[in-house]
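If you want the building blocks of each chain, they are given just below.
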Amino acid sequence: TICNEHLVGQLGEAMSFAFSFSAYTDASALQAILEQPLEKKAGTLYAPPGTKWLTYFVDDLNMPQPDKYGTQSAIELLRQQVDYGGFYDLKKLTLKQIKNVQYIGAMNPTAGSFAIIDRMQRHFCTLACPFPDVETLKTIYGSILEGHLSSFSPELASYGERLASATLMLHKEVADSFLPTAIKFHYQWNLRELSSVTQGLCLASNDFLNTPMLLARLWLHEVTRTYGDRLTNEHDIARFTEQVVRTSKCFFEDLD
């Protein structure tokens, strides 16, 4: 999210192109992706349109599955372009020179190889963005919800911190229970889900939502749409339902 917001806000001769790696991404598939925003300049020279400078944003850089030799072909293709200025045409077997491009990568902290080859990583400045602790998140999302509910009745205005705490508890249980795999690679749980639930709660109107029961039902709806709709089988859905019920009893015990 941080990288995307920065790249989208670029002006002038800068342009960006974002794509994601998965466990099945290989060099041949990646080369076709890399060539999409480029145009042929002269001979074997390829570059972004006009005089623009292109930034590739590679999400989940560490996700490609290593082969039996321990290498990741997609990352090796990127390294070939950075080290040698291009990669080979798969039909003519001639080197395509790639100019005016650079790379930003984001690594997945919960899945993948957890590291990339040193010969590639040496080209990057490596930064870490740790996940905020629970108290920080409770302060952030609790303040947002309390501010939105401040115009509601006093009974509902007191639910801001409770809704934030319930969402954080459920988020932790979901993140601990439903881990990403090669098949369920979309089981990624981060601040985007917390923000989605909070955004949905902030759409509540004082004209229609005027009882604690309706507020609790809205919370149930938002977490089900955000988390439950991404689960892929009945076993996971049943387990998630148990987590929702348990969380509801912890924070909405005064409601039926």
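So, a few notes on the structure that sits alongside this text. (Residues numbered from 1 in each chain as written. Predicted model: local features only at pLDDT ≥ 70, side-chain atom pairs only at ≥ 80, totals over all residues. Heavy atoms only, no water.)

Digging into the packing of helix α5 (residues 134-149) against helix α8 (residues 191-201)
- It is at 10 Å that the axes of α5 and α8 come closest, and there the two elements cross at 15°. If you check the angle between α5 and α8, you find them roughly parallel. Classified by chirality, the crossing of α8 by α5 is right-handed. Contact residues: Leu137, Tyr141, Ile144, Leu145 and His148 in α5; Leu191, Leu194, Ser195, Thr198 and Leu201 in α8.
- In terms of residue class, the contact of α5 with α8 is built from 7 nonpolar, 3 polar and no charged. (Axes fitted to C-alpha atoms, helices over the stretch in contact; angles between N-to-C directions. Helix = DSSP H or I, 4+ residues; strand = E, 2+ residues; numbered from the N terminus. Parallel < 35°, antiparallel > 145°, perpendicular 65-115°, else oblique. Left-handed = near helix turned anticlockwise from the far one by under 90°. Contact = heavy atoms within 4.5 Å. Nonpolar A, V, L, I, M, F, W, Y, C, P; charged D, E, K, R; others polar.)

Looking at the packing of aromatic side chains
- Applying the stated criterion to the full structure yields 10 aromatic pairs.
- Judged by centre distance (6.2 Å) and plane angle (90°), the ring pair of Phe17 and Tyr56 falls under edge-to-face. Placement of the pair is Phe17 in strand β1 (residues 14-20) and Tyr56 in strand β4 (residues 53-59), with a sequence separation of 39 residues.
- In this structure Tyr56 comes out as buried when scored by relative accessible area, which is 1%.
- With 5.7 Å between their ring centres and 40° between their planes, Trp189 and Tyr227 make a pair best called tilted. Within this pair, whereas Trp189 is found in the loop between α7 (160-177) and α8, its partner Tyr227 is found in the loop between α9 (212-226) and α10 (234-251), the two being separated by 38 residues in sequence. We note that Trp189, like Tyr227, is buried.
- Taken together through their ring pairs, the aromatic side chains of Phe17, Phe19, Phe21, Tyr56 and Tyr103 make up a single cluster.
- Here the guanidinium or amino end of Lys96 rests over the ring plane of Tyr46, the centre of that ring lying 5.0 Å away.
- The ring of Tyr159 has Arg162 lying over it, and the distance from NZ or CZ to the ring centre is 4.3 Å. (Phe/Tyr/Trp six-rings, centres within 6.5 Å; stacked < 30°, edge-to-face > 60°. Buried < 20%, exposed > 50% of the residue type's maximum accessible area, 1.4 Å probe, protein only. Lys NZ or Arg CZ within 6 Å of the ring centre and 35° of its normal.)

Quick look at the sheet that holds strand β7 (residues 101-106)
- Spatial ordering of the open sheet is given by β1-β4-β7, a layout of 3 strands whose pairing is parallel. Across the chains shown, the open sheet's two edge strands, defined by having one partner strand only, are β1 and β7. Going from strand to strand, the sheet's axes swing by 20° on average, the running direction of each strand aside.
- With 6 bridges joining them, β4 and β7 adopt parallel strand pairing. Among the inter-strand pairings, Asp59 is bridged to a residue of β7, identified as Ala106.
- Sheet strands touched by helix α2 (residues 27-35): β1, β4 and β7. Its angle to β1, the strand with the most contacts, is close to 155°. (Pairing = 2+ DSSP bridges.)

Description of α7
- Along its 18 residues, α7 runs 26 Å from first to last C-alpha, staying within 8% of the 26 Å computed at 1.5 Å per residue.
- Along α7, the residues classified as buried are Gly160, Leu163, Ala164, Ser165, Ala166, Thr167, Leu168, Leu170, His171, Glu173 and Val174.
- In this structure, the buried residues of α7 make contact with α5, α6 (154-157), α8, α9 and α10. (Expected span 1.5 Å × (residues − 1).)

Quick notes on the pairing of β4
- Among the 7 residues that make up β4, 5 are buried, leaving the element largely enclosed by the rest of the structure.
- Of the strand pairs in this sheet, β1 and β4 are connected by 7 bridges, and their pairing is parallel. Within β4, the position partnered with Ser20 by the bridge is Asp59.

Notes on the pattern of salt bridges
- As enumerated under the stated definition, the model contains 13 salt bridges in all.
- Among the salt bridges present, the one from Lys96 reaches Asp89, with a minimum N-O distance of 3.8 Å. Taken as a pair, Lys96 and Asp89 share a single burial class, namely buried.
- Through salt bridges with shared partners, a single network forms among Glu76, Arg79, Asp83 and Arg122. (Salt bridge = Lys/Arg side-chain N within 4 Å of Asp/Glu carboxyl O.)

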